[in-house]
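Each chain is listed here by its residues.
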Amino acid sequence: GLMGLAFRPVEDDRFNFLFKLQGIKGSGARTAGSPLARTYLGIFETNYQPVGRFHLLGRLALREARDELAGASLASRLWLAEARALVDVTDRINAGVSVRRLDQMTTGTRTTGFGIESGFRAARDLWVVGGWNLAGIHADGFGDSDRREAGPFVSVRFKFDEESLADLARSFAPNHEAKTRELRRP
């Protein structure tokens, strides 16, 4: 199951957040273990733009996994905290830093990672991002595909909402009507 709550003002999107809860049960591609396995995931993400060209992004996630093996009950709990700061160098280029911390509550271990990145806006709402995680962490199962491991990375980011989807639908409508008229010609 999945439940979520989002806040994103339409007129002034300087602060927004997303909160979601997810539960996965049984064995399969997304969980390990027996049919009794359960994984619970809670995520809070926020974006804040205090001034025009400066962006702060944060994420706090808790993941708990439970299973039974040979009659023994097993549990694991992980906290992931991440923060990114981005500066728009120009309208098409930005640069940023990130820091993250993974706490494995069951074993009492902590891992810290940090990196640098730069992005290029190739088209409206389409970004190509490259960077280097100077110190990385291994954190699977947090419901995303973020790059956290040490080393270089390249990713593509595309932002869309109901307005961009409506624009996309309108862009196909005239072509569709023109093709339909061409097919009807004798």
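Let us look at the structure shown here. Predicted model, so just to flag it, every value in this text is computed and none were measured. (Residues numbered from 1 in each chain as written. Predicted model: local features only at pLDDT ≥ 70, side-chain atom pairs only at ≥ 80, totals over all residues. Heavy atoms only, no water.)

Re the overall build of the protein
In step 1: Scanning the protein for helices and strands turns up one helix and nine strands.
In step 2: For the protein, the sequential pattern of α-helices and β-strands runs β-β-β-β-β-β-β-β-β-α.
In step 3: The proportion of buried residues among the 186 residues of the protein is 25%.
In step 4: Considering only contacts in the protein between residues 6 or more positions apart, those separated by 24 or more positions represent 43%.
In step 5: Of the roughly 12600 Å² of accessible surface on the protein, 61% is carried by carbon and sulfur atoms. (Helix = DSSP H or I, 4+ residues; strand = E, 2+ residues; numbered from the N terminus. Buried < 20%, exposed > 50% of the residue type's maximum accessible area, 1.4 Å probe, protein only. Contact = heavy atoms within 4.5 Å. Areas by Shrake-Rupley, 256 points an atom, 1.4 Å probe, with all protein chains shown as cover.)

Re the nonpolar core
In step 1: Residues Leu 41, Ile 43, Ala 61, Leu 78, Leu 80, Leu 102, Ile 137, Ala 139 and Phe 142 constitute the largest nonpolar core, which totals nine residues.
In step 2: For this core, the elements supplying multiple residues, two or more each, are β3 (38-51) and β5 (72-88).
In step 3: Setting aside residues up to four positions removed in sequence, Ala 61 forms contacts with Gly 42, Ile 43, Leu 78, Trp 79, Leu 80 and Phe 142. (Core = buried A, V, L, I, M, F, W, Y, C linked by side-chain atoms within 4.5 Å.)

So, the environment of Thr 107
In step 1: Within the secondary structure, Thr 107 is located in the loop between β6 (93-104) and β7 (109-123).
In step 2: Classification of Thr 107 as exposed rests on a relative accessible area of 54%.
In step 3: In sequence terms Thr 107 and Leu 78 are 29 residues apart; their C-alpha atoms lie 9.7 Å from each other.
In step 4: Among the polar contacts listed, one links the side chain of Thr 107 to the side chain of Thr 109, at a separation of 3.1 Å. (Polar contact = N/O pair within 3.5 Å; in protein donor to acceptor, adjacent residues only side chain to side chain.)

Examining the environment of Thr 112
In step 1: Among the structural elements, Thr 112 can be located in strand β7.
In step 2: Take Thr 112: its relative accessible area is 46%, and that puts it in the partly exposed class.
In step 3: Distance in space between the C-alpha atoms of Thr 112 and Ala 135 is 7.2 Å, their sequence separation being 23 residues.
In step 4: Non-local contacts of Thr 112, meaning those with residues more than four positions away in its chain, are made with Arg 100, Arg 101, Ala 135, Gly 136 and Ile 137.

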